[in-house]
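Chain by chain, the residues:
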Amino acid sequence: MTATNALTLPQGTTPQLVLETLNQRLPVAIVNHSIRTFLLARAAAAHPLVGLSGSWDDEVLFYACALHDIGAACQHNHEQRFEVDGADAAAALLTEAGIAQERVQRVWEAIVLHTSPGIAERFGAITRLTRWGVTVDFGRPDIVDRGLQAEIEEHYPRLQIEAVLTEAVVSQARAKPHKAPRASWPGILLEEHQRYPERPFTEFEWARSRQAASAVGEAGSVDTAPPESATPAVE
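Residues numbered from 1 in each chain as written. Predicted model: local features only at pLDDT ≥ 70, side-chain atom pairs only at ≥ 80, totals over all residues. Heavy atoms only, no water.

For the rest of this paragraph, the subject is the side chain of His 114. Looking at the secondary structure, you find His 114 in the loop between helix H5 (101–112) and helix H6 (125–137). Polar contacts involving the side chain of His 114 include one to the main-chain carbonyl oxygen of Ile 111, which spans 2.7 Å. (Helix = DSSP H or I, 4+ residues; strand = E, 2+ residues; numbered from the N terminus. Polar contact = N/O pair within 3.5 Å; in protein donor to acceptor, adjacent residues only side chain to side chain.)

Here is the structure:
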C-alpha cells in the first residue's frame, strides 16, 4: 500500500452517507479522529503485533471506524453507554441504507467494544482493527509508519481531539450518570470530573496522557510497553 492510496476512503452511496452524517452531527475534531482511525487501522493490519491473518472487508472497516464515536452526538445521546448508543445508531443507519445484517453486526460489535482493551483485540478482523486504529491514533506510534501517520494528521488535523472527546463523553455522563458505569471509560472520566469539577478538559489525566504519548511518538522515541499506571480502559 503506497502513501497515496493509503489515504483513499471507500467510495459509493453509503460511504458518502456516513461521511455526511458525521459532518452533520459531530465536531470536526471527532470527525477527523474517526477518519484517522480508519486509515491507521488499515495501515496497522500488516503489523505482527496486530496478529491479523487473512483479508477483511475494507468498507465494513470504514463504517466501524468512521462511526465508532457517533454515540457522542447529541442526536444519539439516549440511555445506554455512549459506545452502545453509538453502535445502535450506526446499525440503524446502515440497515436503513440496505447494508446486509451480517455486515451491520460486525460494525455494531466493533463499536460497542472499541473502549475495551484486551477484549476487542480477541474478536474478528473488524473489531480488532477498529480497536488498533483507536489505539494508534491515541499514542501507539510504533505500529504504523510515522511518515504516513504525519501525512494522515496533516489531512485530518487533531484539533485537540483528546479534550473535545472528553468533554462530549463527560457532558453526557454528567446529565445521565447511568451512562457511565464505574470502571468503564466514560465512568473513569466522570469520576475525575466529579473529583475535580473545575479541571479543564484539556487537563484530564486521560487527555494529558494521550497528548503526551502522541508527542513522544512525534519526537521519535517511545517505550512500547504500557505504563503500569495506565488508565484501565481508554477510548
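Counted according to the given criterion, the structure contains 3 aromatic pairs. Seen from their ring centres, Phe 82 and Trp 185 are 5.9 Å apart, and the 50° between their planes marks the pair as tilted. Of this pair, Phe 82 sits in helix H4 (residues 82–96) while Trp 185 is found in helix H9 (residues 185–195), placing the two residues 103 residues apart along the sequence. The same class applies to Phe 82 as to Trp 185, namely buried. Connected via pairs of aromatic rings, a cluster forms that spans Phe 38, Phe 62 and Tyr 63. In this arrangement the basic side chain of Arg 199 is found over the ring face of Tyr 196, its NZ or CZ atom lying 4.0 Å from the centre. (Phe/Tyr/Trp six-rings, centres within 6.5 Å; stacked < 30°, edge-to-face > 60°. Buried < 20%, exposed > 50% of the residue type's maximum accessible area, 1.4 Å probe, protein only. Lys NZ or Arg CZ within 6 Å of the ring centre and 35° of its normal.)

Once that is clear, we can look at the pattern of salt bridges. The full count for this structure, using the stated rule, is 13 salt bridges. Put simply, Asp 137 and Arg 158 hold a salt bridge, and the shortest N to O gap is 3.0 Å. Here Arg 158 lies in the loop between helix H7 (146–155) and helix H8 (161–175) and Asp 137 lies in helix H6, a separation of 21 residues in the sequence. Accessibility expressed as a relative area gives 0% for Asp 137, which makes it buried. Given a relative accessible area of 13%, Arg 158 falls into the buried group. The closest approach of N and O atoms between Glu 153 and Arg 158, which form a salt bridge, is 3.0 Å. The two residues Glu 153 and Arg 158 agree in class, both being buried. (Salt bridge = Lys/Arg side-chain N within 4 Å of Asp/Glu carboxyl O.)

Looking now at the packing of helix H2 (residues 28–44) against H6. Look at H2 against H6: their axes get within 8 Å of each other, and the N-to-C directions meet at 115°. Relative to H6, the element H2 lies roughly perpendicular. The way H2 lies across H6 gives a crossing that is right-handed. Contacts between H2 and H6 pair His 33, Arg 36, Thr 37, Leu 40 and Ala 41 from the former with Leu 129, Thr 130, Gly 133, Val 134, Val 136 and Asp 137 from the latter. (Axes fitted to C-alpha atoms, helices over the stretch in contact; angles between N-to-C directions. Parallel < 35°, antiparallel > 145°, perpendicular 65-115°, else oblique. Left-handed = near helix turned anticlockwise from the far one by under 90°. Contact = heavy atoms within 4.5 Å.)

If you check the backbone angles, Gln 160 has positive phi at about 55° while not being a glycine. Relative to the helices and strands, Gln 160 resides in the loop between H7 and H8. For Ala 183, which is not glycine, the phi dihedral falls at a positive 75°. Its place among the elements puts Ala 183 in the loop between H8 and H9. Using a relative accessible area of 63% as the deciding quantity, one classes Ala 183 as exposed.

It is worth spelling out H6 at this point. For H6, with 13 residues, the first-to-last C-alpha span of 18 Å sits near the 18 Å given by 1.5 Å per residue. Among the 13 residues that make up H6, 11 are buried, leaving the element largely enclosed by the rest of the structure. Within H6, burial applies to Ile 126, Thr 127, Arg 128, Leu 129, Thr 130, Arg 131, Trp 132, Gly 133, Val 134, Val 136 and Asp 137. Positive phi shows up at Gly 139, right after H6, with a value of about 110°. (Expected span 1.5 Å × (residues − 1).)

On to the nonpolar core, then. Ranked by size, the top nonpolar core spans 66 residues in total, and within it Val 18, Leu 22, Phe 62 and Leu 67 carry the most contacts. Among the elements that make up this core, the one with the highest residue count is H2 (9 residues). Filtering out sequence-adjacent residues up to four positions away, Leu 67 remains in contact with Val 18, Leu 22, Phe 62, Ala 90, Leu 93, Leu 94 and Ile 111. (Core = buried A, V, L, I, M, F, W, Y, C linked by side-chain atoms within 4.5 Å.)

As for its placement among the helices and strands, Phe 204 is situated in the loop between H9 and helix H10 (205–219). On the basis of relative accessible area, Phe 204 is assigned to the buried category, the value being 0%. Taking the C-alpha atoms as reference points, Phe 204 and Glu 162, separated by 42 residues in sequence, lie 9.0 Å from one another. Beyond its immediate chain neighbours, meaning those up to four positions away, Phe 204 contacts Thr 166, Val 170, Leu 189, Glu 192, His 193 and Arg 199.

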